[in-house]
Amino acid sequence: MLYKLTFIFSLLSFIPSCSQTEEIRSEQIVDESNNQEIITYLALGDSYTIGESVDFEDSFPAQLSTRIEENKNLLVNTTVIAQTGWRTDQLISAVGGRESADYNLVTLLIGVNNQFQSRPFSQYETEFTTLLNKAINLAGNDANKVIILSIPDYYYTPYGQSNGNELISLQLDEYNNFAKSIAKEKGVTFLDITDITRKGLDEPELVADDGLHPSGLAYEKFVERLYPLVSTRLKD
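Let me sum up the structure you'll find in this document. (Residues numbered from 1 in each chain as written. Predicted model: local features only at pLDDT ≥ 70, side-chain atom pairs only at ≥ 80, totals over all residues. Heavy atoms only, no water.)

## Notes on the packing of aromatic side chains
Logical step 1: Tallied over the entire structure, the rule returns 10 aromatic pairs.
Logical step 2: Considering the side-chain rings of Tyr124 and Tyr175, the 4.5 Å spacing of their centres and the 50° angle between planes classify their relative orientation as tilted. Taken together, the positions of Tyr124 in helix H5 (residues 121–138) and Tyr175 in helix H7 (residues 167–186) put the pair 51 residues apart, joining distant regions of the chain. Accessibility classification places Tyr124 together with Tyr175 in one group, the buried group.
Logical step 3: What links up through ring pairs into an aromatic cluster is the set Phe121, Tyr124, Phe128, Tyr175 and Phe178. (Phe/Tyr/Trp six-rings, centres within 6.5 Å; stacked < 30°, edge-to-face > 60°. Helix = DSSP H or I, 4+ residues; strand = E, 2+ residues; numbered from the N terminus. Buried < 20%, exposed > 50% of the residue type's maximum accessible area, 1.4 Å probe, protein only.)

## Observations regarding empty space enclosed by the protein
Logical step 1: Taken as a whole and judged by the stated rule, the model has 1 cavity of 30 Å³ or more.
Logical step 2: Its volume calculated, the largest cavity comes out at about 80 Å³.
Logical step 3: For the largest cavity, the lining is made up of 14 residues, of which Thr157, Thr197, Leu212, His213 and Pro214 are closest to its centre.
Logical step 4: When its residues are assigned to classes, the lining of the largest cavity shows 9 nonpolar, 4 polar and 1 charged. (1 Å grid on protein atoms, 1.4 Å probe; cavity = no way out; pocket = protein on both sides within 12 Å on 5 of 7 lines; lining within 4 Å. Points joined across faces, edges and corners; volume = space filled by probe spheres on them. Nonpolar A, V, L, I, M, F, W, Y, C, P; charged D, E, K, R; others polar.)

## Examining helix H3 (residues 88–95)
Logical step 1: Along H3, the residues classified as buried are Thr88, Leu91, Ile92, Ala94 and Val95. Burial along H3 is one-sided: seen end-on, the buried residues are contained in an arc of 165°.
Logical step 2: In this structure, the buried residues of H3 make contact with strand S3 (37–45), strand S4 (74–82), strand S5 (105–109), helix H4 (112–116) and H5.
Logical step 3: Downstream of H3 by one or two residues, Gly96 has phi in the positive range, about 55°. (Arc of directions from axis to C-beta. Contact = heavy atoms within 4.5 Å.)

## Describing unusual backbone geometry
Logical step 1: Phi at Ser53 is positive, roughly 75°, even though this residue is not glycine.
Logical step 2: Of note, Ser53 is situated in the loop between helix H1 (47–50) and helix H2 (60–71).
Logical step 3: Look at Ser53 and you get partly exposed, because its relative accessible area is 36%.

Here it is, written out as structure tokens:
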């Protein structure tokens, strides 16, 4: 695996904590004899992006980067800005002054903690729009380079069954419907992966050992849908 990784993450569940700290880790593997073109990928999100409770290599950004390298004559420089527990406002703060860049690909998956903490839906509407605009700017103002992933449904996990009810699913549908509508308005691709996570009770192998987050297998299924969308945007 030759892709460069730069990521920000926390080893806590997505249940938020004011005492959370950021850990920044960089890893670079360079093959100087390789003249492959390097592309840049920015993954924005929360615990679902860092792959809470699975190895980072099993997260969807890492699996996607690997799939690109295995199928394209490219190396992937992957940057992940995500932390367990982050809401939309916290991701905005983390992105900070990064107003523009020229990433070849940007993915955005955020919102579950807004719902979990019962924040006003209007906050999500405003801040998700801000984040989407930032994502487009970071993709060189090219909306075709941005992909939104829908929010997984944690009601279909052992944790969700013990600590919630069907209102979780109804609220997450509202969040995802808004994200889909604003994506259409901005000319951005919206990828629905929520249905995969709604198989979590019938297919427990889709849930990580913590009984809450997706497993590496679930993320692999995300990438099975995500990679074809990315592949058409990248040259061989």
